[in-house]
2 protein chains.
Amino acid sequence: MEPVDLAVTTLHGSVDDPALNSMNFLNEVAQHYPEAVSLAAGRPYEEFFDSALLHAHLDRFRRHLADDLGLDRAQVDRTLLQYGRTKGIVHHLIARHLAVDERMTVDPETIVVTVGCQEAMFLVLRALRADPADVLFAVAPTYVGLTGAARLVDLPVRPVAGGPDGVDLADLRAGVRRARAEGLRPRACYVMPDFANPSGVSMDTAHRRRLLDLAAAEDLLLIEDNPYGLFPAAGTDRRPTLKALDTARRVVYLGSFAKTVLPGARVGYVVADQRVGGSDGTVGPLADQLAKIKSMVTVNTSPISQAVIGGALLAHDCSLVAANVRERAAYARNLGHLVDGLARRFPAGGPVRWTVPAGGFFVVVTVPFPVDDALLHRSAREYGLLWTPMAHFYDAGTPVRALRLSVSAVTPAQIDLGLDRLAALVGDVTAGVGAPA
Amino acid sequence: MEPVDLAVTTLHGSVDDPALNSMNFLNEVAQHYPEAVSLAAGRPYEEFFDSALLHAHLDRFRRHLADDLGLDRAQVDRTLLQYGRTKGIVHHLIARHLAVDERMTVDPETIVVTVGCQEAMFLVLRALRADPADVLFAVAPTYVGLTGAARLVDLPVRPVAGGPDGVDLADLRAGVRRARAEGLRPRACYVMPDFANPSGVSMDTAHRRRLLDLAAAEDLLLIEDNPYGLFPAAGTDRRPTLKALDTARRVVYLGSFAKTVLPGARVGYVVADQRVGGSDGTVGPLADQLAKIKSMVTVNTSPISQAVIGGALLAHDCSLVAANVRERAAYARNLGHLVDGLARRFPAGGPVRWTVPAGGFFVVVTVPFPVDDALLHRSAREYGLLWTPMAHFYDAGTPVRALRLSVSAVTPAQIDLGLDRLAALVGDVTAGVGAPA
């Protein structure tokens, strides 16, 4: 018998929650079958990775501090090596990127640079969850990181139907009103309007405007998460973000550099321009309140990491569209290749169906049988193929008849191999071959 | 009238809490008087800062991955640039550092590398705060970052008398028993046994053993925070950490590289070897539960930042004692200079008294009048001197007759100038000259 010092039941409930265990489980399966083709990972493409570039990014940002901002040598060293500004040191470059790539006009003072987008999510939810009556809405299926962050602050997440438009407005309105009738306080609705993870669905511009109108009518904040907006499918136009259309400070905007520069910097940000009235009569942006929370979570985002991102931004005049020409082409190519490959392997009108997203990393495949973790293990072990059970993106966690395929970290040859294996798996399970007891 | 979108009272209570506002206030005062001599900042010495060293650190760690761990070029790039292991990638080097410098034997799997020590603190408190009956003890006066992190998870902090030994064991025992009698669940006691911030007090080895015995007898965890242990005063020996003396997994150990390498990497860690029994019958270290929480706060600590710290560790065979020869000498020199300077300016036996710490950054000066934020403003504005009101380290926040001086980020000449100004301020306030209305 191994000695036990603490029972998990004496720890915060989040550590034994399906949302947190789910992330763990998926990572462990991937580690367990390193030779399997992975259509599971949502990580960015690695072909263009070169860690020697870190030096160029760092040096470019150091020159920016000296030449553009007029810092002397000691000030440059202090900026990179010492404790620093809680809200970050690349906020002005992020504002320029948003202007150049998203036509958004953002006051840099309303930006908090965070340790990845995950910290941005956590800070916003921590600020908004003030009372046990608070509740968050999120379009289902939902990114696990959102659900997990909500668990850490004991904030219940109520699902909103997504549907073909990205969010079912009638369902959202009904949900908000029902919650209020129950004495709850709806704080916000979390949405990913562009190539959502995991559904792949996007909202058209008219629907975005309707969502903003609904948020105003129902006095609701919208939390817009936009990690994939830069990656439309071939021949598809990008759409304005919700925040670009937001004239009433209804939208808290979450940004990530994990897919557009590199994940290893762990740099993201939040734009929070909502005016908060303090108890002392002062008024300032919500960003300042988030910064106070951040000072007790991570103090400030590593200025070294920020310098890497800042240098990468400066290399292309703050345009990540320009910086990602190769990556954008690779993702669009892979997405087209996956969708074409599905069509070649599964007959039209048959029981296997799939989404054809307008961009991003993810395709959802519907199959004529329940998809659970045991099937994922079997797929990895017997077929050498990893994917993600869609059940992980629903709060109930019950098996659904769908799985998520990701095209972001593979080559076309790996996609072909993966789809051959998927076809074999689906054929065998449908025929009842080797089904688990 | 400025428009207001949200009242601060609708946000989580922490954002309007004295602990979080305190950190903000002190930063703002410092920014407001950039020309003042600062005996307030606890930041490390900058004379030896050189941001060009980042390249050397990064390259040394890349070579370590290739030469020592056998990774190929693509694996090295992936390790630095991609998403990575939640518990970190320099855990083996941290374990070696703890063996070399602290004679601690630590299983690397019980280490979580965090975004600064602050995130380590947050993760531990988030895990331990499971129920409204949970309560934390902390030696008063207490580091503001601990109090702030506790606020974020709604965990009440009860003060324990510090006294000359670093913690008053009778007061701790009585406090724990009182809390249990009230139906509360004491989770842990937070201590800084070496050169504590802000008191400067250290525990001797016998007292550390008594504290461990008490923790065992009362079934209490100890959270040991050790940011300054490497910096004894001239002629003083270092003592074993609580964790080095801990034979019963009673101590959760928090480590920081902010003072021993550089703050800008934002890398710290927690050693959490407590055995946690899961609801599925498995047993694993508390570190694994903390990692699950971390995956929803920051995903993983930037591998680029970790590489900077890893490279710095490798440069001195993982000994930070060896790496900090110049810094240790500078801090010891400054501490001696400050204490001597106080003795030259304030008569022995007079109303002004001060601590003579055995190391670290901080000296507490007791004065014959209350020290509040208004006096700090006056000191900065009229005397050009910054320090920290001790009131900020007590939960009640009421003015106490003491202030904290820091020697870490100044030269001996600045210490002289600062002490001249302090003597002038103390003289004027004592004489009732120019007292605020």
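Anyway, here's the lowdown on the structure attached to this text. Residue indices follow the written sequence of each chain, beginning from 1 at its first position. All chains are assigned letters beginning with A, and all ligands numbers beginning with 1, in the order in which they are written. Side-chain atom pairs in this predicted model are given and counted only at pLDDT of 80 or more, local residue features only at pLDDT of at least 70, and totals for whole chains, interfaces and linings cover all residues. Where side-chain values are given, they derive from all heavy atoms of the structure, hydrogens and water being excluded.

As a further point, take the relation of the copies chain B and chain A. When chain B is fitted to chain A, the best match, at an RMSD of 0.0 Å, comes from turning it 180° and sliding it 0.0 Å along the axis. In symmetry terms, the pair is related by a two-fold rotation axis. Superposing copies: least-squares fit, C-alpha atoms only, residues required to have pLDDT of at least 70 in both.

For the rest of this paragraph, the subject is helix H7 (residues 169–181) of chain A. Residues that lie three or four places apart on an α-helix share one face, since the helix turns once every 3.6 residues. All names here are of chain A. With 13 residues, H7 should reach 18 Å at 1.5 Å per residue; the first-to-last C-alpha distance of 18 Å fits that figure. Buried residues are those whose accessible area, probed at 1.4 Å on protein chains only, stays under 20% of the maximum for their type, while exposed residues exceed 50% and partly exposed ones sit between those limits. Numbered from the N terminus, helices here are DSSP runs of H or I no shorter than four residues, and strands are runs of E no shorter than two. Regarding H7, the residues found buried are Leu 169, Leu 172, Gly 175, Val 176 and Ala 179. The buried residues of H7 occupy one face: seen down the axis, they fall within an arc of 125°. Residues of H7 that are exposed and point more than 90 degrees away from the buried face comprise Ala 170 and Ala 181. Packing partners of the buried residues in H7 comprise strand S4 (134–140), strand S5 (157–161), strand S6 (185–191) and helix H8 (205–217). In protein, a polar contact requires one atom able to donate a hydrogen and another able to accept it; more generally it is a pair of N or O atoms within 3.5 Å, and residues adjacent in sequence count only if both atoms are side-chain atoms. The residue sitting at the N-terminus of H7 and contributing the capping side-chain oxygen is Asp 168; that oxygen lies 3.1 Å from the backbone nitrogen of Ala 170. Directly after H7, the chain includes Gly 183, whose backbone phi takes a positive value near 85°. Each helix should span, by expectation, one fewer than its residue count multiplied by 1.5 Å. Directions pointing from the helix axis toward each C-beta atom define the arc. Any two residues whose heavy atoms approach within 4.5 Å are treated as being in contact.

Here the focus is the interface of chain B and chain A. Listed by partner, the interface residues are 88 residues for chain B and 88 residues for chain A. Note on chain B versus chain A: buried area summed over both sides is about 7700 Å², and carbon and sulfur give 58% of it. It is Leu 81, Tyr 83 and Met 296 of chain B in chain B that bury the most area against chain A; as a group they hold 11% of the surface buried on that side. The working definition used for a salt bridge is a side-chain nitrogen of Lys or Arg within 4 Å of a carboxyl oxygen of Asp or Glu. At the boundary of chain B and chain A, one finds six salt bridges. For the interface between chain B and chain A, the tally reads 56 residue pairs in polar contact (both at pLDDT 80 or more). The residue classification treats Ala, Val, Leu, Ile, Met, Phe, Trp, Tyr, Cys and Pro as nonpolar and Asp, Glu, Lys and Arg as charged. All others, Gly included, are polar. The residue inventory of the side of chain B that touches chain A, partitioned by class, reads 42 nonpolar, 23 polar and 23 charged. For two strands to pair, DSSP has to find at least two bridges joining them. In this structure, strand S1 (residues 6–7) of chain A lies alongside strand S10 (residues 275–277) of chain B, joined through two bridges in parallel fashion. Its bridge partner being in S10 of chain B, Leu 6 of chain A is matched across the sheet by Val 276 of chain B. Once two parts are brought into contact, the accessible area they lose, counted with a 1.4 Å probe and summed over both, makes up the buried area.

This paragraph deals with the sheet that holds strand S12 (residues 353–354) of chain B. All names here are of chain B. The sheet built from four strands is open, its strands ordered S12-S13-S16-S15 with antiparallel pairing. Across the chains shown, the open sheet's two edge strands, defined by having one partner strand only, are S12 and strand S15 (388–389). Of the strand pairs in this sheet, S15 and strand S16 (residues 400–406) are connected by two bridges, and their pairing is antiparallel. The residue of S16 that forms the bridge with Pro 389 is Leu 403. Along the sheet, helix H13 (residues 325–345) contacts S12, strand S13 (362–371) and S16; its crossing angle with S13, the most-contacted strand, is approximately 30°. The strands touched by helix H15 (residues 412–430) within the sheet are S13 and S16, with S13 carrying the most contacts at an inclination of about 20°. With axes taken as lines fitted to C-alpha atoms, and helix axes fitted only over the stretch in contact, angles between N-to-C directions fall between 0 and 180 degrees.

Glancing now at the packing of aromatic side chains. The aromatic pairing rule takes the rings of Phe, Tyr and Trp, using the six-membered ring of Trp, and pairs them if the centres are within 6.5 Å, calling planes under 30 degrees apart stacked, those over 60 edge-to-face and the rest tilted. The final tally for this structure, using the stated rule, is 23 aromatic pairs over all chains. Aromatic pair Tyr 331 of chain B and Phe 361 of chain B: ring centres 4.6 Å apart, planes at 40°, arrangement tilted. In this pair, Tyr 331 of chain B is assigned in helix H13 and Phe 361 of chain B in the loop between S12 and S13, connecting sequence segments 30 residues apart. In this structure Tyr 331 of chain B comes out as buried when scored by relative accessible area, which is 1%. Put simply, the rings of Tyr 45, Phe 48, Tyr 228, Phe 231, Tyr 331, Phe 361 and Phe 362 of chain A touch in pairs and so form one group of aromatic residues.

Glancing now at the sheet that holds strand S11 (residues 283–285) of chain B. Backbone-to-backbone hydrogen bonds join strands into a sheet, with any given pair of strands oriented parallel or antiparallel. Read across the open sheet, the three strands follow the order S1(A)-S10(B)-S11(B); overall the sheet is mixed. Either end of the sheet is taken by a strand with one partner, and the two such strands are S1 of chain A together with S11 of chain B. Helix H10 (residues 286–295) of chain B contacts S1 of chain A together with S10 and S11 of chain B of the sheet and is inclined by roughly 75° relative to S11 of chain B.

By themselves, these are just geometric observations and shouldn't be taken as functional.
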